[in-house]
Amino acid sequence: MTSQEIRQKFLDYFKSKDHLIVPSAPIVLKDDPTLMFSNSGMTQFKDFFLGYKTPTAPRIADTQKCLRVSGKHNDLDDVGRDTYHHTMFEMLGNWSFGDYFKKEAIAFAWELLVDVYGIPKENLYVTIFEGDASENLDRDQDAYDFWKSHISEDRIINGNKKDNFWEMGESGPCGPCSEIHIDLRTPEEKAAVPGITLVNQDHPQVVEVWNLVFMEFNRKADKSLEKLPAQHVDTGMGFERLCMALQGKSSNYDTDVFTPLISKVEELSGKKYTGILTDEKDIAIRVVVDHIRAVSFAIADGQLPSNGGAGYVIRRILRRGISYAYRFLGMKEPFLFELVTVLQDQMGKFFPELEKQGKLVSEVIKSEEESFLKTIENGLIRVEKLIQQTIADDLKVLPSEEVFELYDTYGFPDDLTRIIAEEKGLTIDEAGFKAEMEKQKQRSKSDSAQKVYDWVVLEEKPETFVGYDQTESETYITRYRKVENKDGEFYQVVLSSSPFYPEGGGQVGDKGILENASESFEVLETKKENGLIISLINGLPKDAGAVFYAKVNASDRKNSQANHSVTHLLHEALRDVLGTHVEQKGSYVGPDYLRFDFSHFNKMTEEELALIEEKVNHKIKESIALQEFRSIPIKEALEKGAMALFGEKYGDSVRMIQFGSSKELCGGTHVKNTSEIGHFKITSEGSAAAGIRRIEAISGDKSEEYFKNLEQQISELSQLLKSKDVVRSIEKLIEENASLKSEVDALKKEKAKGEIGDWKNAYEQKGNKQLLVKKTSLDAGSVKDIVFQLKREIPTSVTIILSDADGKPMITVGVSDDLAADYQAGAIVKDLAKEIQGGGGGNPGFATAGGKNLDGLENAYQKALHI
């Protein structure tokens, strides 16, 4: 059975059990502050479990892309070292939202595994939650009783809280779970050691394949448990492990989920994969084929590698793959990007984003490879210098600070530093390096540290967002909670009727005021979390249950929505001018400016930019009225031609924004008519990443300010130039300046020639020297040239020139070499500079000084005559 057939059988089975089959949600989460990535199948359904949203169906099934590389669920360091851990993996799952519970979930799982997939039941074991006295949780007797009707009791194992009480994170939905484990060992191995003793012992052939979670509780911020409004089922089966079991393999990497990728790596690297767990070459191949999946799906879902947040995690995964390939496969040139087409062939049918975004994914990965390979090359030079210095200091251990700097500042892998050091008979300060890593973690934590308390619920009532229609509303607080961070103590509130738009879709969240007759609070930001619109205020009302008046900062909202509407017009214009390959890849919409990232592989020309501006402004001038479809079936919206962005999760009903031929799915606020935008102006265009261009622009009030400032500058120039044709006047000035400069340079040369002739005859014998003291208006450069010439040609001479060029006093002194023992140019100029309130210096043969007092040149002249 192929992996594609295995996946399809799962979906078909649960469809036959009245489950709605839904597509995978994006792997990258954009509106959940508690998670960067989908780390389990249930992530997209969290709001259903918490009761914030109504499920689209009581029974659902899907295959969900998951990523476990950060936080509590982090498998990154295990990848490549064993046969079954992965960064990106598929989670096959079925859910019940208040419909069936333990009995049906257990029956479905058993029927599918044993009757449909044909797994021998003697190879299966199950675990149940044994209870936990510290949490006042009883043993899951119901699950035990239901399992007894399917499997012998000696194959039902008690499991502790760590293994059999599933929690998504530090807080959120949770509950007891029942795991299904499969023993894939040979008959001889099974006879020698009972499989029951190997369950949950990290044995590579006795592995968990399916986890049935019985969602009953919500973990609160204070760590207490509260009952959920309804009982739910959340199951997750590891697709890769299931394929291993059904295809009779001993490793996930031996299944057809990975073998096509491994074959391509073998072809490109010339290295043969043997599957040995401890072989560094094989570990590297496993790392590469695992990581290319994670990175490709993340980029296809809209997350580009970057230096912060989720983008940094993706960059780290990719660089780990590049590093392993560089060290153990000898791959010194980019090659991972060539695996993308293989991945498309494997998974494109079930995950169309790979097909659609393939070129972009390849270009981004190739660019990252090129960049990091240069980092490795530069790092090798730094490591070599560090090693040589360590050897020169007669030491055997590389200092932790320098090794950490290579890792943290330059992105050079610490394990590569370790390998190179060992080849030279050295080691690195492991304890010191770990301490530096811990310091960095603590710094990072302190920067983002925030303590969030539990909600105080005043009224269990759904909130209403009224911000599409009004910017002010009467309201009251339905719940609040305290938040503490480095800036102080604040409160998050949920309002019964909120005009505040929550940050999302690139648009910033609204700010404003929440007030009544006796109190007023500043709304500092508005965000969305678990379906709730949450506004942050700078205090707690004395009477939180009082009626308030919520007011959005109208000016900021007006400008933000103008910028948001113009991004839609810009998107359409870009596709018209550059081609339909253009797709939005990110945006920022604020009151001051907009930023729009889009897929395109070339720098835009001035002509293209001008045409884009022209098209957008034409739409603005057309005064196109907004057509808003506030709740329309997504199928109907797409049939109407609406643009849906990859990496976004849409429900069955969506909001469509239409301005003429521009149609997009969007939840942001918009102008009622394009004429409200005023004018659109591109301020910059550049590269955001490989295959991604970025336009920054302004509209509305900011565009008006821009042109007013420009008009003022032109008016001032016009007055200075005494001409309305500013451009022609400046051109004439440039021409005249160039001509005059040539004339001046020629005159200077002629004057200097004349001065030299006159000055040669003006020296007077004073004691043991010939002395020349002269005033001039020649510039400093001309004076310097003359003085150097005179000190060479006039023996036993001291030359002192006082200049008033450009209205600034300057004194230059030259002393011929044969008088060096008797006179110092620097000492002479320093003494004379006192008269012009200045200072300077030089060497014994030549020195200069500038000053502030032009009138002091006469005193300096008189003083110089007596040197």
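Look up a bit, the structure's there.
Residues numbered from 1 in each chain as written. Predicted model: local features only at pLDDT ≥ 70, side-chain atom pairs only at ≥ 80, totals over all residues. Heavy atoms only, no water.

Got a minute to help me understand the sheet that holds strand β29 (residues 680–689) in this structure?
Across a sheet, paired strands are connected by hydrogen bonds in the backbone, their directions being either parallel or antiparallel. Judged by pairing direction, the sheet is antiparallel, and its four strands sit side by side in the order β24-β25-β30-β29 without closing on themselves. Of all the strands in the sheet, just β24 (584–589) and β29 have a single pairing partner and so form its edges. For this sheet, the mean angle separating the axes of adjacent strands, direction not counted, is 15°. Pairing of strand β25 (residues 594–599) with strand β30 (residues 692–699), which is carried by six bridges, proceeds in the antiparallel orientation. Within β30, the residue paired with F598 across the bridge is R693. Across the face of the sheet, helix α18 (residues 606–621) comes into contact with β29 and β30 while running at roughly 130° to β29. (Pairing = 2+ DSSP bridges. Helix = DSSP H or I, 4+ residues; strand = E, 2+ residues; numbered from the N terminus. Axes fitted to C-alpha atoms, helices over the stretch in contact; angles between N-to-C directions. Contact = heavy atoms within 4.5 Å.)

Please explain a negative patch on the surface as it appears in this structure.
Residues E333, E363, E370 and E377 make up a contiguous surface patch of negative charge. Within the secondary structure layout, E370 lies in helix α13 (residues 358–392). (Patch = residues over 30% accessible without salt bridge, like charges linked within 9 Å, V, L, I, M, F, W, Y side chains within 5 Å. Areas by Shrake-Rupley, 256 points an atom, 1.4 Å probe, with all protein chains shown as cover. Salt bridge = Lys/Arg side-chain N within 4 Å of Asp/Glu carboxyl O. Lys, Arg positive; Asp, Glu negative; His and termini not counted. Charge placed at Lys NZ, Arg CZ, Asp CG, Glu CD.)

Would you explain the environment of N211 in this entry?
With respect to the secondary-structure elements, N211 resides in strand β10 (residues 206–219). Sequence-wise, N211 and W166 are 45 residues apart; in three dimensions their C-alpha atoms are separated by 9.1 Å. If we skip the residues at most four places from it in the chain, N211 touches W166, C177, S178, E179, D234, T235 and G236.

Looking at this structure, I do not really get the nonpolar core. What am I missing?
Most often, soluble globular proteins have nonpolar side chains that are buried together. Formed by 119 residues in total, the largest nonpolar core has its most connected members in W147, W210, L242 and I365. Broken down by element, this core gets its largest block of residues, 13 residues, from helix α9 (residues 280–300). Here L242 is in contact with I6, L92, L113, Y117, I119, V209 and M237, once residues within four sequence places are set aside. (Core = buried A, V, L, I, M, F, W, Y, C linked by side-chain atoms within 4.5 Å. Buried < 20%, exposed > 50% of the residue type's maximum accessible area, 1.4 Å probe, protein only.)

I keep staring at the side chain of R557 and nothing clicks. Help me out?
Among the structural elements, R557 can be located in helix α17 (residues 554–578). Here R557 is in contact with G467, T471, P499, Y501, D510, V552 and T669, once residues within four sequence places are set aside.

Quick question: what am I supposed to make of the pattern of salt bridges here?
One pass over the structure, following the stated rule, counts 53 salt bridges. As a salt-bridge pair, K558 and D701 come within 3.1 Å of each other at their nearest N and O atoms. You can see K558 sitting in helix α17 and its partner D701 sitting in helix α20 (residues 700–721), a full 143 residues away along the chain. Given a relative accessible area of 26%, D701 falls into the partly exposed group. We note a salt bridge from E858 to K775, for which the minimum N-O separation is 2.2 Å.

Explain α13 here, please?
Its 35 residues place the ends of α13 51 Å apart at the C-alpha level, agreeing with the 51 Å of an ideal helix rising 1.5 Å per residue. A positive backbone phi angle near 60° is found at D394, which sits one or two residues after α13. (Expected span 1.5 Å × (residues − 1).)

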